[in-house]
Amino acid sequence: MASKPEFVQYVADQLRDAGEITYRKMFGEYGMYCNGKIFALICGDQLFIKITDAGRLLAPDMKTASPYEGAKPHFLVEDIDSREFLTQFVAAACAELPAPKPKKAK
């Protein structure tokens, strides 16, 4: 089931204080970026954030799941309404993720 654009926009709005949040449609679902780093996927109206050590420290009991068959496990964020926690969680996770690789010239 494809995610609804309204859900994706709501998540982006919730995260607006974590950095520059953008998203783009990928294979019928959405990839989310913070300051240019891909940090999450939205699949089936669920938010999946890449697993990081910082995320484990902030939420050691958070469930993990694969966003789609064959994908690596991600944190499955079930409470997207807690803006303060979500912002802190995403900012910490993104700080740990590597910068995007520069694009090759054509």
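How each quantity is defined
Residue numbers restart at each chain and count upward from 1, following the sequence in its written direction. Since the coordinates come from a predicted model, pLDDT governs what is reported: local features require at least 70, and pairs of side-chain atoms require 80 or more to be given and counted, while whole-chain, interface and lining totals use all residues. With hydrogens and water excluded, all non-hydrogen atoms of the structure serve as input to the side-chain values. Secondary structure elements follow DSSP: runs of H or I no shorter than four residues count as helices, runs of E no shorter than two count as strands, and numbering proceeds from the N terminus. The reference for a compact globule is 2.2 Å times residues^0.38; the radius of gyration itself is calculated from the C-alpha atoms. The buried label applies to any residue whose accessible area, calculated with a 1.4 Å probe on protein chains only, is under 20% of its type's maximum; exposed applies above 50%, and partly exposed to all values in between. What makes two residues a contact is simply this: any of their non-hydrogen atoms within 4.5 Å. The method behind every accessible area is Shrake-Rupley, applied with a 1.4 Å probe, and residues are considered shielded solely by the protein chains displayed. Only four residue types enter the charge count, namely Lys and Arg as positive and Asp and Glu as negative; His and the chain termini do not. Taken as the charge centre is NZ of Lys, CZ of Arg, CG of Asp or CD of Glu, depending on the residue. Pairing between strands requires that DSSP locate at least two bridges from one strand to the other.

Participant: Sorry, what's going on with the overall build of the protein chain here?
Facilitator: Within the protein chain, the regular secondary structure consists of three helices and six strands. Mapped from its N terminus to its C terminus, the protein chain presents α and β elements in the order α-β-β-β-β-α-β-β-α. Against the globule reference of 13 Å for 106 residues, the protein chain gives a C-alpha radius of gyration of 13 Å, in line with a compact fold. Seen through its principal axes, the protein chain has C-alpha atoms that stretch 45 × 30 × 30 Å. Per-residue burial for the protein chain yields a buried fraction of 42% across its 106 residues. A fraction of 51% describes how many contacts in the protein chain between residues 6 or more apart in sequence connect residues 24 or more apart. For the protein chain, the accessible area works out to roughly 6,700 Å², and carbon and sulfur atoms hold 54% of it. The distance from the centre of the 14 positive side-chain charges to the centre of the 14 negative ones in the protein chain is 12 Å.

Participant: What is the right way to look at the pairing of strand β3 (residues 37–43) in this model?
Facilitator: Put simply, side chains in a regular strand alternate between the two faces of the sheet. Summarising burial for β3: six of the seven residues are buried, a large majority. Two strands pair when backbone bridges link them, and strand β2 (residues 29–34) and β3 are joined in this way by five bridges, in the antiparallel orientation. Looking at the pairing, Y33 lines up with I38 of β3. Where β2 folds back on β3, the antiparallel hairpin that results is connected by two residues, among which N35 adopts a positive phi of roughly 50°. In terms of strand pairing, β3 meets strand β4 (residues 46–49) through four bridges, oriented antiparallel. Bridging across to β4, A40 finds its partner in I49. A loop of two residues connects β3 with β4, the two strands running antiparallel in sequence, and G44 in this loop sits at a positive phi of about 60°.

Participant: It is not clear to me how the sheet that holds strand β6 (residues 74–77) should be interpreted in this structure. Could you clarify?
Facilitator: Hydrogen bonds between backbone atoms are what pair the strands of a sheet, whose relative direction is either parallel or antiparallel. In spatial order, the strands read β1-β2-β3-β4-β6-β5; together these six strands make up an open sheet with antiparallel pairing. In the strand order of this sheet, the two ends are held by β1 (21–26) and β5 (64–65), each with one partner. Relative to β6, β4 is paired through three bridges, and the arrangement is antiparallel. Bridge pairing in β6 links L47 to V77.

Participant: Help me out: how do you make sense of unusual backbone geometry in this one?
Facilitator: A negative phi holds for most residues other than glycine; trans holds for most peptide bonds. In this model, F27 sits at a positive phi of 55°, which is unusual for a non-glycine residue. Considering the arrangement of structural elements, one finds F27 in the loop between β1 and β2.

Participant: Explanation requested: the environment of F48 in the structure shown.
Facilitator: With respect to the element layout, F48 can be found in strand β4. Exposure remark for F48: the relative accessible area of 2% places this residue in the buried category. Linking F48 and H74, residues 26 residues apart in sequence, is a C-alpha distance of 5.4 Å. Here F48 is in contact with F39, A40, L41, C43, A65, S66, P67, H74, F75 and L76, once residues within four sequence places are set aside.

Read these as geometric descriptors, not functional statements.
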